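Residue-level listing of the chains:
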Amino acid sequence: MIRLAAIADDFTGATDLATSLRERGLRVAVVLGAEAVPSSAEAKGLDAVIVALKSRTAPVAEAVSVSLDSVRALRELEPGQYFVKYCSTFDSTSAGNIGPVLDAVLGELGERRTVVVPAFPDNARTVFQGHLFVGGELLSDSPMRHHPLTPMTESRVSALLTPQTSHPVTEVSVDSVWAGADALRDTLDALPDSYVVVDATTNADLETIQAATTSWRVLSGSAGLAFGMRGDHDPANQRFDAPEGRRLVVCGSASAKTREQIAAALAAGAAGFKLDVQRLLADPGAVVAEVSAWLAGLDPEVVPVVYSVATLDDIRDASHDAAPAVEGVLSRVVVDAVARLGVRRVIVAGGETSGAVTTALGCTRLLIGPQIAPGVCWSLSTTGAASGSPGTPVALALKSGNFGSTDMFSTAWEALS
Ligand SMILES: Nc1ncnc2c1ncn2[C@@H]1O[C@H](COP(=O)(O)OP(=O)(O)O)[C@@H](O)[C@H]1O
Ligand SMILES: O=C(O)[C@@H](O)C(=O)COP(=O)(O)O
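We now turn to the structure provided with this report. Counting restarts for each chain: residues are numbered from 1 in the order of the written sequence. Chains carry letters from A onward and ligands carry numbers from 1 onward, assigned in written order. Note on the predicted model: pLDDT of at least 70 is required for a residue's local features to be given, and 80 or more for side-chain atom pairs to be given and counted; whole-chain, interface and lining totals, by contrast, use all residues. Note: side-chain values were computed over all heavy atoms of the structure, leaving out hydrogens and water.

1. A closer look at the environment of A34
Inference 1: Helix and strand assignments follow DSSP, with helices taken as H or I runs no shorter than four residues and strands as E runs no shorter than two, numbered in order from the N terminus. Looking at the element boundaries, A34 is found in the loop between strand 2 (28–32) and strand 3 (48–52).
Inference 2: Put simply, A34 and V66 are 32 residues apart on the chain and 7.2 Å apart in space, counted from C-alpha to C-alpha.
Inference 3: Here a residue-residue contact requires only that any non-hydrogen atoms of the pair lie within 4.5 Å. If we skip the residues at most four places from it in the chain, A34 touches V51, D69, S70 and A73.

Printed below as a string of structure tokens:
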């Protein structure tokens, strides 16, 4: 039996939740896909298992199917609670996938209610009067309105979720949270079965919500909702031996923070390679070969940053084919760099991009290591058959687009030495 079983709709979301739990003393495993869920015997000693999926922008039926496969596999571990992790900026469209996945998971488990808590104050995401804020701005005024796959142009969480689900959506305001865990539990229990969007503006609010929902079978939200959980494992005591080798940063993220991080790295002496998306659409193999040749010729001490978005102009009129094509090229670049150039330490910016890269490397499991910033950590994995160089150890930092300090592409490596 484990305490918490989670599915995350992208790979950075999985490591985000994992690092938050690990920092709070839980023993966590992140596995990539339902097939990699450990058996009960293998999960002995673990507090939480998180399945990383690439379902955020997949077709609805596919997102539902991989989520259900994961929940069915996790069920074997007899979890005390289930956690459906989605983005702290509620990345989704009116078709899904947050609503359809919640509907399917609840249906599978015979449940009729969950809380909906995207707030993550450590990364400046708060929910007040049912509206999601990013820093001082409403979500719909934030850079998320320009996201290439899930542009967020509405800020009220219930308005975002209602078109995605047949379940009723209700709201609980921060006053009820401030009344404390016991009172909040009564407020929640008095509501009709529904998806309950709960305000949260601080970590203390998240802890109150978590304490009020310990008997709920299914929780949903960003990693922030895990902040109230406590385990007895001191992360400082865990061995984390990162392989020695060359470094590489690849960015498919179009997020404002990633664009700042790229600019800061280049200003600090990193070497940059900006992908030409038109060329890449026409001849991806040639672009991969060009990037690989460029990497091979660099001073191994210099940090290379391969990226596809420098300014918003780069994604303004992007074709539908561009996103998978960029993911494909960045994945092939990383696979080649690991197989042929001795790259062993890789930062990947962007959730979709991380899913593509990690899958191409054939990784199935991540050992979570030191936190780099709230929601961002180093992890260790081993490449699989898909990579062409199976059994190679790699250190991966799968970075959510908008997370991490501005200088992290230059400084994150220090946590490995
Ligand atoms: N120049 C570009 N034009 C169109 N799509 C792009 C471009 N660069 C990256 N993308 C795609 O945008 C998506 C970004 O999503 P993701 O990796 O989750 O990062 P983030 O959510 O931080 O922007 C990926 O699918 C990526 O391939
Ligand atoms: O909850 C969050 O904000 C992150 O864990 C996350 O999912 C961010 O997604 P990307 O920006 O697409 O990496």
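2. Here's the deal with the sheet that holds strand 7 (residues 131–134)
Inference 1: Note on pairing: two strands pair once DSSP finds at least 2 bridges between them. As summarised here, the arrangement of the 3 strands in space is 6-7-8, forming an open sheet in which the pairing is antiparallel. Lying at the two open borders of the sheet, with one neighbouring strand each, are strand 6 (125–128) and strand 8 (137–138).
Inference 2: As defined by bridge partners, strand 7 adjoins strand 8 across 2 bridges and the pair is classed as antiparallel. When the sheet's bridge partners are listed, V134 is paired in strand 8 with E137.

3. A short note on the environment of R75
Inference 1: Take R75: it is sitting in helix 2 (residues 60–75).
Inference 2: Through-space distance from the C-alpha of R75 to that of A349 is 31 Å; in sequence the pair is 274 residues apart.
Inference 3: Among residues more than four places away in sequence, those in contact with R75 are Y82, E108, L109 and R217.

4. Thoughts on helix 3 (residues 98–109)
Inference 1: With 12 residues, helix 3 extends 17 Å between its outermost C-alpha atoms, agreeing within 8% with the 16 Å of an ideal straight helix rising 1.5 Å per residue.
Inference 2: Counting buried positions over the 12 residues of helix 3 gives 10, a clear majority of the element.
Inference 3: For helix 3, the complete set of buried residues consists of I98, G99, P100, V101, L102, D103, A104, V105, L106 and L109. In this scheme, a helix's expected span is set at 1.5 Å multiplied by one less than its residue total. Think of it in three bands: with a 1.4 Å probe and only protein chains considered, a residue is buried below 20% of the maximum accessible area for its type, exposed above 50%, and partly exposed in between.

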